[in-house]
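The primary structure of each chain is shown beneath.
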Amino acid sequence: MHKSGSPDFVFWVHNMSQRIVYLNGQYLPIEQAQVSVLDRGFLFGDGVYEVIPAYGGHLLRLPQHLQRLQNSLDAIQLVNPLSKDEWIEILQTLLTKNQGQDQSVYLQVTRGVAEQRDHSFPDAIKPTVFVMANLLPAQSKDELAKGVAAITVDDIRWRACHIKAIALLANTLLRQQATAAGAAEAILIRDGLVTEGAASNVFIVKDHVLLTPPVGPTLLTGVTRDLILEQAKLNGIDCAERDIAEGELTQADEIWLSSSTREILPVISLNGDAVGNGQSGPIWNRMIDIFQQYKDVLRTGAE
Ligand code: PDD
């Protein structure tokens, strides 16, 4: 037994809270994980990523996340550096090496380190693979039900938003605009239509029907989005994927945001005006219970 305050105890506590990450084949304390300044991820934002939530050590919709990673890699002409089994091994290892009942795993693959800074792809370089686990704070339904504020902003991003690219400057600027306005998210509008949030997908409820924009190059096919649509159908909630005009936001009974880290968040005010009656709505209330149940089943390892 170590006595609290003894050097051994201090070391032990420090060691327990050490964050271990994966970088190019090695598991390392985060402070020791270093990448070259010539990495094309650093110089060009030339890479793709995924964020995968895990509940009680079980990764949510892992095949879908790995498939989306493959789609993103294909879209930027980068060969997947790891097999499916290798990815699974790394993700599972990091979940056990790091603490937290619920965690989200961030993984990114960049094109790697080239000798010269050149926009064109260099020949035969090794992709850089970095993976880290982050705590996913548990939020009670009551807490979530309080809802968040959002603003609408012009979607200034490029035309390949279906790629989960690490180049997120526009997304960070848009999110910062929301933060500066005291809001939790920016809802993006392109050509009069809702695309998605700066880092989330958008749903509205109108006359008991759940609506979300169809997938395509203007938005990321959210894994949470697809799970919501699947579960809505299974549970008899009417839903449709169709264009949503900007004006429909102000008429909506409910607005939600979805993502792997924020799950399903009700938006209760938009540009300072109440959404619906200014409280989280009944369809959100049903969906969050369905989602919670889904997570509880996943925790038993039976997704
Ligand atoms: N982002 N759209 C954008 C632009 C996003 O960045 C995200 C998630 C989503 C939702 O996708 P999913 O349900 O698969 O998480 C939609 C992650 C969480 C991030 O960048 O941290």
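In the block above lies the structure referred to throughout.
Residues numbered from 1 in each chain as written. Predicted model: local features only at pLDDT ≥ 70, side-chain atom pairs only at ≥ 80, totals over all residues. Heavy atoms only, no water.

Trainee: Mind showing me how you'd approach the site of the ligand here?
Mentor: Not every one of the 19 residues close to the ligand is listed here, only the nearest: Tyr49, Glu196, Val223, Thr224 and Ser260. Side-chain polar atom of Arg68 to an oxygen atom of the ligand: 2.8 Å apart, as the coordinates give it. In the environment of the ligand, a nitrogen atom lies 2.6 Å from a nitrogen or oxygen atom belonging to the side chain of Glu196. For the ligand, the protein covers 89% of the area, taking 480 Å² as the surface of the free molecule. The set of elements that each furnish at least two residues to the shell around the ligand consists of strand S3 (47–55), strand S9 (193–197), helix H7 (223–234) and strand S13 (254–259). Among the residues making up the shell around the ligand, the classes are represented as 6 nonpolar, 10 polar and 3 charged. Taken together, domain 1 (7–135) and domain 2 (141–299) each give at least three residues to the shell around the ligand, which thus spans both. (Near = heavy atom within 4 Å. Polar contact = N/O pair within 3.5 Å; in protein donor to acceptor, adjacent residues only side chain to side chain. Areas by Shrake-Rupley, 256 points an atom, 1.4 Å probe, with all protein chains shown as cover. Helix = DSSP H or I, 4+ residues; strand = E, 2+ residues; numbered from the N terminus. Nonpolar A, V, L, I, M, F, W, Y, C, P; charged D, E, K, R; others polar. Domains from an automatic or database assignment.)

Trainee: Is there a simple way to think about the packing of aromatic side chains in this case?
Mentor: Each aromatic ring pair is summarised here by two numbers: the centre-to-centre distance and the angle between the ring planes. Going through the model one piece at a time under the given rule, you end up with 3 aromatic pairs. Here Phe203 and Trp256 contribute two aromatic rings whose centre-to-centre distance is 5.8 Å and whose plane-to-plane angle is 35°, an arrangement assigned as tilted. Within this pair, whereas Phe203 is found in strand S10 (residues 201–206), its partner Trp256 is found in strand S13, the two being separated by 53 residues in sequence. Here Phe203 falls in the buried class, since its relative accessible area comes to 0%. Relative accessible area serves as the criterion here: at 0%, Trp256 is assigned to the buried category. Just above the ring of Tyr27 sits the side chain of Lys97; from NZ or CZ to the centre is 5.5 Å. The ring of Phe121 is capped by Arg111, whose NZ or CZ atom sits 3.4 Å from the centre of that ring. (Phe/Tyr/Trp six-rings, centres within 6.5 Å; stacked < 30°, edge-to-face > 60°. Buried < 20%, exposed > 50% of the residue type's maximum accessible area, 1.4 Å probe, protein only. Lys NZ or Arg CZ within 6 Å of the ring centre and 35° of its normal.)

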